Amino acid sequence: QVQVVESGGGLVQAGGSLRLSCAASGSDFSINAMNWYRQAPGKQRELVATITSDGRITYADSVKGRFTISRENANNTVYLQMNSLKPGDTAVYYCRVTTKGYLYWGQGTQVTVSS
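Residues numbered from 1 in each chain as written. Predicted model: local features only at pLDDT ≥ 70, side-chain atom pairs only at ≥ 80, totals over all residues. Heavy atoms only, no water.

The secondary structure content of the protein amounts to 0 helices and 11 strands. Listing every helix and strand of the protein by position from the N terminus yields β-β-β-β-β-β-β-β-β-β-β. Here the C-alpha radius of gyration of the protein, 14 Å, is about what a compact globule of 115 residues would show, namely 13 Å. The C-alpha extent of the protein, read off along each of the three principal axes, is 45 × 25 × 20 Å. Among the 115 residues that make up the protein, the fraction classed as buried is 44%. (Helix = DSSP H or I, 4+ residues; strand = E, 2+ residues; numbered from the N terminus. Rg over C-alpha atoms; globule rule 2.2 N^0.38 Å. Buried < 20%, exposed > 50% of the residue type's maximum accessible area, 1.4 Å probe, protein only.)

A few words now on the pairing of strand E10 (residues 102–105). Where strand E9 (residues 91–99) and E10 come together, 4 bridges link them in antiparallel fashion. Within E10, the residue paired with Thr 99 across the bridge is Tyr 102. The turn linking E9 back onto E10 is made up of 2 residues, and Gly 101 within it adopts a positive phi angle of 90°. (Pairing = 2+ DSSP bridges.)

Here we come to the environment of Gln 107. Structurally, Gln 107 is set in the loop between E10 and strand E11 (109–114). Not counting the four nearest positions on each side in its chain, Gln 107 is found in contact with Val 4, Val 5, Glu 6 and Tyr 94. (Contact = heavy atoms within 4.5 Å.)

Moving on, we come to unusual backbone geometry. Not every positive phi belongs to a glycine, and Asn 76 is a case in point at roughly 50°. Note that Asn 76 resides in the loop between strand E7 (67–72) and strand E8 (77–82). You will see that Ser 84, though not glycine, has its phi angle at about 50°, which is positive. Tracing the backbone shows Ser 84 in the loop between E8 and E9. The exposure class assigned to Ser 84 is partly exposed, which follows from its relative accessible area of 41%.

Honestly, that's just the spatial picture; any functional story needs more than this.
Below, the structure written as structure tokens:
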């Protein structure tokens, strides 16, 4: 079993920055990939960014050039640096961890961007 805990959300004005963190913990697991998703009220959950165990990174078009995903392999932590935030980025942000055959989700952290 793997526990996934996000932190770092909050309220920020448009144009501001936030850094989200996601820590995975447990026993005897090997991470294949870590993702950030987000879900705005009334909308489907969408993939924001991915980083794989071999360092491949992808972003949703809506956040390219503004968000940066990074990872500390030693402590199974992934970060999402969010710059130039827009009101449209307001959502609950979720971290997902993929191991061999299993998916684990965090509880989510709220990001609110005011105009």
